Amino acid sequence: PLRHVEVMPFFWRIFLSAWVIVVVTVTLTLWAARWLPSPGPDSDDADFAEQMVTLIARDLRVRLATDPATAGDILAREHALDFAPLLQVYVLDPEGKDVLGRVLPRQVAQLLRTRNDPSARSASRNRSRLLVRDEALAGYLVVGYEGYFPMGRVLLKPGARGLFVAFALIVSVIVSLMLARFIVLPVRRLQSAGQQVADGDLSVRVAHTVGSRTDDIARLAHEFDVMTERVDDLLESRHRLLRDVSHELRSPLARLQALLSIARQKADAAGAEQIDRMEAELARLDALIGDILSYSRLEARESITRHPTDIVDLVRNIVDDASLEGQAAGKQLRMQGPERCVIDLDSGLVQSAVENVVRNALRHTAEATSIDVNILDDPESVRIVIDDHGPGVPEEALAKIFEPFYRVGDSRSTQAGSGGIGLAIAERSIRLHGGTITARNRDRGGLRVEIALPR
């Protein structure tokens, strides 16, 4: 399997990319520098080598004139002859041995073999990096061997530094772009897939988009697919469980309701009161099971059927119905908005969403207060804003109240009639329209829920 394939870590990929930039830049510079003119005689580096060899040869000449026997030894003690790797100065006695006892480089040894042949000696000097001084040295030979690195010698040529910088920029840009594309393109695909998953599309897969790659990105894509498959399976199992349990509860619930009807016929006045309470609880349970089934069906849906709908008229009907229920507790519903606003939507789903939010506000708003429902017609969307005067919701729970069966732990979740599924149904219904539903606490107290439906 892909996860067991040994791959090159990104650390080494980036390291090798930087190394390739250096190698290719140096290679191209050396190749192009062949056509550049050689440095002039006033080159600082060339002056240093020439002057050093000339100085040592002059000092050797003076010492040979005074004490030929010890001239070489004294010169070796008083002068630095080895500037490796830039320059090495070899002082050779008449027998061809270096005064420091060093092994001679091949070019210097070849020079010694041709020292009695002027033409061969000149050719040898031209082919190698040698500076030779032998005038009036009584058989001694002072040889400067320039051991410059290739790039050091190349960069001495006119324009070579600019050429090096240009090649470095070009090569680094090309390699960096290739490396960035190699890394960023699949990461962007993963980012896009992650956004799709966040939006509820768990069918997205990305492993096929990385081709034949077997690196860390391919592993990540494979693990991403495994994760989405498992999450999809878990959610499907949850939906199936909710659906199956709801269906299984419907049968005993119906039998209980039938038995209560029979018991009511036989009960006296005192027993009838208890039966009324039992029927109320059974009605709540029946409504909750219906909501669970509705939510399961919504989760299974991927598309909706739209038709032109006057959103103002739809909301007004919901407000009118809820006003009748709120009058007993002195709760009023006030609605503001345009006279008419027609958009394409699934009226059944939107009605269910708005009604759930309005009835949730009606349950939690304080007595003798109002619920304000405002419809705002924007160029890109239609917004329905519902404000109540209830206790609000803790800030950390605002994003979670649209999850099924989430309990805030305060009065908003413990009052009778709160089944914990209504806002989840509203969120799913609006999301199927490509819209959003959000909640926030109002500065003056209470909760504001805003539904945005795109045009």
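Our subject is the structure that appears above.
These lines cover the structure that appears in this document, whether it is placed above or below. This structure is a prediction, so every number in the text was calculated from the model and none was measured. (Residues numbered from 1 in each chain as written. Predicted model: local features only at pLDDT ≥ 70, side-chain atom pairs only at ≥ 80, totals over all residues. Heavy atoms only, no water.)

## Thoughts on the environment of R230
Here is the rule: Note on conventions: DSSP H or I runs of at least 4 residues are helices, E runs of at least 2 residues are strands, and numbering of each starts at the N terminus.
For R230, the position within the fold is in helix α8 (residues 216-266). In the structure, R230 is positioned 28 residues away from L202 in sequence and 9.6 Å away in space, judged by C-alpha atoms.

## Notes on the pattern of salt bridges
Our working definition: When a carboxyl oxygen of Asp or Glu lies within 4 Å of a side-chain nitrogen of Lys or Arg, that pair is called a salt bridge. Using a 1.4 Å probe on the protein chains alone, a residue whose accessible area is under 20% of its type maximum counts as buried, one over 50% counts as exposed, and one in between counts as partly exposed.
Applying the stated criterion across every chain yields a total of 15 salt bridges. Between R133 and E50 there is a salt bridge, and its shortest N-O distance comes to 2.6 Å. With R133 in strand β3 (residues 130-133) and E50 in helix α2 (residues 44-66), this residue pair connects regions lying 83 residues apart in the sequence. On the accessibility criterion, R133 (17% relative accessible area) is buried. Overall, E50 belongs to the partly exposed group, its relative accessible area being 33%. The shortest N-O distance in the salt bridge between E229 and R205 comes to 3.6 Å. With E229 in helix α8 and R205 in the loop between α7 (160-198) and α8, this pair connects stretches of sequence that are 24 residues apart. For E229, a relative accessible area of 37% translates into the label partly exposed.

## Quick notes on the sheet that holds strand β8 (residues 370-377)
Put simply, the rule reads: A pair of strands is labelled paired if DSSP reports no fewer than 2 bridges between them. In this description, a line fitted to the C-alpha atoms serves as the axis of each element, helices being fitted only across the stretch in contact, and the angle between N-to-C directions of two axes falls anywhere from 0 to 180 degrees. By definition, residues are in contact when any of their heavy atoms lie within 4.5 Å.
Across the sheet, which stays open at both edges, the five strands sit in the order β6-β8-β9-β11-β10 with mixed pairing between neighbours. Of all strands in the sheet, those bounded by a partner on one side alone are β6 (332-336) and β10 (436-441). For this sheet, the mean angle separating the axes of adjacent strands, direction not counted, is 15 degrees. In the sheet, β10 pairs with strand β11 (residues 447-454) via six bridges, with the strands oriented antiparallel. Residue pairing for β11: R440 is matched across the bridge by R448. Along the sheet face, helix α10 (residues 311-326) touches β6, β8, β9 (381-387) and β11 and points at about 170 degrees away from the line of β6. Along the sheet face, helix α13 (residues 422-432) touches β10 and β11 and points at about 135 degrees away from the line of β10.

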